[in-house]
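Next come the chains, spelled out residue by residue.
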Amino acid sequence: MSPIKLHRWNLIALTLCAVIVLAACQPITIRIGAPTPTSTPAEALTTTQTPEIFPSLTPLTTETPTLTPLAGATSATPSLTPLFAATDTPTLTSPPVSGVQPQQPQPNPSGCSGTPNISFTASRTTITAGESITLSWQVTNADTVLGDENLGIIGTSGSRPFTFNAPGRTIFTVRARCGNSAIAFKEVVVDVNPSLVLPPAAPAAPTNFSANGDGPKIIFNWSVASPMGYKLYREGSPSPTLINSASSGTSYSSPFDCDTDAKFFVRAVNSANVESPDSNHLRGFNKPCPPEIVSASGKAQGLVDIRFNDKSTNELGFRVYVTGGDASTRRTLTKRDGMPSGVDQTIGTYCNVNSTFYMTAYNDAGDSEPSNTDPVTTIPCAPTSFIADGSGTTITHRWAMTANHTAAGFQVYKVGSPHTKVGPVVSGTFTFRDDTGLFCNHSAAYFVRAVNSIGESENSNTDNAVTIPCAPTGFTASGISKTEVVFQFTDNATNEDGFHVYRDGSQVKDLAAKTGIGSMGGSVGGMSCNENHSYTVRAYNSAGPSTAPAAVSARTNAC
């Protein structure tokens, strides 16, 4: 219902007397179209005067005045003059309030003069629907007091509680007058706000939040006190990003792009869509993005250099694979802080590779997808089962090939500082015999390497080999008894294992080697008197016996 302005009109009754005398008439108050209050309104009172009069107003005369139209009037209806200006009329802008109790008019004081004094207050002027206030008033120097349609009948002093059940604005008014003086009024404005509807309490934050990388996924898990919805967030600025939400659940497996590395948290959500506080914030990451190989090339000593671009930020390192190779061909590179893109990396020793390489980046969530590939040829693998045999003044070297070898040839080395190449590269041969430049007393260690266009392999195993010792010289023999012959010679060998003494071409004695060269001697016994035989001596080692000096004859003593 729209608010209705309350107007007070002052009816001035003009009585025309026999000699045109203007008589003063009693003023009256008329209320037009006021809303119905919840207590008994003043309009419901009956008096001996015209309705809508102030309750305690005493008429000036007991006779009803005769209303005579003024000159020029079209009817006898009195002209109404507003008692208050329209802007002074209170407006009820909220529904009627409850709590108004009817009261009987209270006796008004007498002996007033001038303008009344009104004190009119409310215990609170701003409240919430459903709350109550108390209005209090005190009027002095008045013989007439009237409350508005909400207050109802009031006396010169009092208080009254009111309860407001709906939001809006209510204006309460108290009016008072002393005799025929001006009317005084006082207003109290009460604003009623809507009642506060508190949202449901937020649920408790999830606990045991975890974020574990598993290949391309990050698996999130958490615990809640009771089944409810959730919202999973990724930290961000200026606000976090919602990753996933559901009406229930305590886990989520998120398929992110590679190289995801961020902090996450989860909130529980109840049926009113109220979110809990954050769970613990936790780093979550998945597998890295694959690197990009720019180039790969084999180097000497079996090294492979790979130039690649690092495409990830959360890797721990890189792994390099040979296409078709076994587990032994894989190499691992540990990531260096600040590793630039396109860096050359020596990734380890490879052999017998004539294939393609590829790379992965890895972290605790697993390996990235494979990179692009690049063909690489490496050095051959080292030969195996290397043997060096001395025979006379010749040393023969033998070795075995590795499977899937890529060798174009082989190079034999004599161990030394530095190592010495023995002859030229042997191509397509498994056995190498070096007959050149060797002589007696030769002793050395050897190994062999396989060779191709990239370089030489690692060393094979090492083996020692010797040539025969150099022959003794200055051999002499003579009898010293009927049964024994003595002999002497000069030892010229440095690598002998010992000496064999011969009689008439048959070995009859074995002498142990001694350190260094020099004179040696011995005797041969077990013969009869006056026996004559031919004697000689040879040094020997694993390569065989040395040459023999010229044989000499010796006779035991006569019988």
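Structural data are supplied above this passage.
So, a few notes on the structure that sits alongside this text.

Each value, and the rule that gives it
Residues numbered from 1 in each chain as written. Predicted model: local features only at pLDDT ≥ 70, side-chain atom pairs only at ≥ 80, totals over all residues. Heavy atoms only, no water. Salt bridge = Lys/Arg side-chain N within 4 Å of Asp/Glu carboxyl O. Helix = DSSP H or I, 4+ residues; strand = E, 2+ residues; numbered from the N terminus. Buried < 20%, exposed > 50% of the residue type's maximum accessible area, 1.4 Å probe, protein only. Contact = heavy atoms within 4.5 Å. Core = buried A, V, L, I, M, F, W, Y, C linked by side-chain atoms within 4.5 Å. Disulfide = S-S within 2.5 Å. Pairing = 2+ DSSP bridges. Axes fitted to C-alpha atoms, helices over the stretch in contact; angles between N-to-C directions.

Another point: the pattern of salt bridges. Opposite charge on two side chains lets them pair, provided their charged atoms get close. Under the counting rule described, the total for this entry stands at 11 salt bridges. In this structure, the salt-bridge partner of Lys231 is Glu275, at a minimum N-O distance of 3.0 Å. A residue pair is termed long-range when its members are at least 10 positions apart, and Lys231 in strand β12 (residues 229–234) and Glu275 in the loop between β15 (261–269) and β16 (282–285) qualify at 44 residues.

Okay, the side chain of Gln411 next. Following the sequence through the fold, Gln411 ends up in strand β27 (residues 409–414). Overall, Gln411 belongs to the buried group, its relative accessible area being 2%. Among all residues touching Gln411, those that are not within four sequence positions of it are Lys421, Val422, Gly423, Pro424, Val425, Phe447, Val448, Arg449, Val451 and Glu456.

Moving on, we get to the nonpolar core. Counting 22 residues, the largest nonpolar core has Phe120, Leu135 and Leu151 as the members making the most contacts within it. Secondary structure elements with two or more residues in this core: β3 (117–122), β5 (132–140), β8 (168–177) and β9 (184–193). Once you skip the residues sitting within four places of it in the chain, Leu135 turns out to touch Phe120, Thr121, Ala122, Leu151, Gly158, Ser159, Arg160, Phe162, Phe172 and Val188.

What follows deals with the state of the cysteines. Here, the word disulfide means a covalent bond between the sulfur atoms of two cysteines. Per the stated rule, a full pass over the model turns up five disulfides. Here Cys258 engages in a disulfide with Cys289; their sulfurs sit 1.9 Å apart. Around the S-S axis, the bridge from Cys258 to Cys289 shows a dihedral of about 90 degrees and counts as right-handed. Here Cys289 lies in the loop between β16 and β17 (292–298) and Cys258 lies in the loop between β14 (251–255) and β15, a separation of 31 residues in the sequence. You can call Cys289 buried: its relative accessible area is 14%.

Attention shifts here to the sheet that holds strand β32 (residues 473–479). Strand order in the open sheet made by the three strands is β32-β33-β36, with antiparallel pairing throughout. Every other strand in the sheet has two partners, leaving β32 and β36 (518–524) as the edge strands with one partner each. The sheet shows a mean angle of 15 degrees between the axes of neighbouring strands, taken without regard to direction. Direction of pairing for β32 relative to strand β33 (residues 485–491): antiparallel, over a ladder of five bridges. Along β33, the bridge assignment pairs Gly479 with Val485.

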